[in-house]
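Per-entry structural report
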Amino acid sequence: QVHLEESGGALVQPGESLRLSCKASTTIYLFNVMHWYRQAPGEERELVATLTSGDSASYADSVKDRFTISKDHRKDTIYLQMNSLKPDDTAVYYCHALARPLGRPPEDYWGQGTQVTVSS
């Protein structure tokens, strides 16, 4: 069973930065794509950033030019660097991984989430 564990969430002031980490219990080479999602209170879960196995990244319009998704294969970890944080970025942030093994159904995995609060 694959396990994803997020860390790095905190209470910060507007304009500050945070880096979230998501460590996998297995090699991240297994995953075709990895995502960061977030969910604010009373809202639906929102896709924030995507990183493919080919290192193609994409972002929600609301975070473009502020957030950067990256990975480190040596550490089996993906990151979300968040700059110029705004109160609207307040949410629980989740890591998600999708694997498409040959001849088998897709497999997807979620972390437990890490809280980011942006407030003065």
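Before any of the text, the structure's been laid out above.
To start, this report covers the structure provided alongside it. What you see is a predicted model, and the numbers here were worked out from it, not measured in a lab. (Residues numbered from 1 in each chain as written. Predicted model: local features only at pLDDT ≥ 70, side-chain atom pairs only at ≥ 80, totals over all residues. Heavy atoms only, no water.)

1. Observations concerning the pairing of strand β11 (residues 114-118)
Rules: To sort residues, take the accessible area from a 1.4 Å probe on protein chains only and compare it with the maximum for the residue type: under 20% means buried, over 50% means exposed, and anything in between is partly exposed. Here a helix means four or more residues in a row that DSSP labels H or I, a strand means two or more in a row labelled E, and each is numbered from the N terminus. When DSSP finds at least two bridges between two strands, those strands are taken to pair.
Only one face of β11 is buried: it carries Thr114, Val116 and Val118, and the other face, with Gln115 and Thr117, is open. As defined by bridge partners, strand β2 (residues 11-12) adjoins β11 across two bridges and the pair is classed as parallel. Bridge pairing in β11 places Val12 opposite Val118. Pairing between strand β9 (residues 91-99) and β11: three bridges, direction antiparallel. Within the sheet, the bridge partner assigned to Val92 lies in β11 and is Gln115.

2. Some words on the pattern of salt bridges
Selection rule: By definition, a salt bridge exists where a carboxyl oxygen of Asp or Glu is found within 4 Å of a side-chain nitrogen of Lys or Arg.
Here the structure, examined in full by the defined rule, presents seven salt bridges. Across the salt bridge formed by Glu46 and Arg38, the nearest N and O atoms sit 2.8 Å from each other. Judged by relative accessible area, Arg38 falls into the buried class, the value being 6%. In this structure, Lys71 engages Asp55 in a salt bridge whose closest nitrogen and oxygen atoms are separated by 3.0 Å. Here Lys71 is found in strand β7 (residues 67-72), whereas its partner Asp55 is found in the loop between β5 (46-52) and β6 (57-59), with 16 residues between them in sequence. Taking relative accessible area as the criterion, Asp55 reaches 52% and is therefore assigned exposed. Through salt bridges with shared partners, a single network forms among Arg38, Glu46, Arg66 and Asp89.

3. Description of the state of the cysteines
The cut-off we apply is this: In plain terms, two cysteine sulfur atoms within 2.5 Å form what is called a disulfide here.
Under the defined criterion, the tally for this structure stands at one disulfide. Bridging Cys22 to Cys95, the disulfide has an S-S length of 2.1 Å. Handedness of the Cys22-Cys95 disulfide follows from its S-S torsion of about -75°: it is left-handed. Placement of the pair is Cys22 in strand β3 (residues 18-24) and Cys95 in strand β9, with a sequence separation of 73 residues. The burial state of Cys22 is the same as that of Cys95; both residues are buried.

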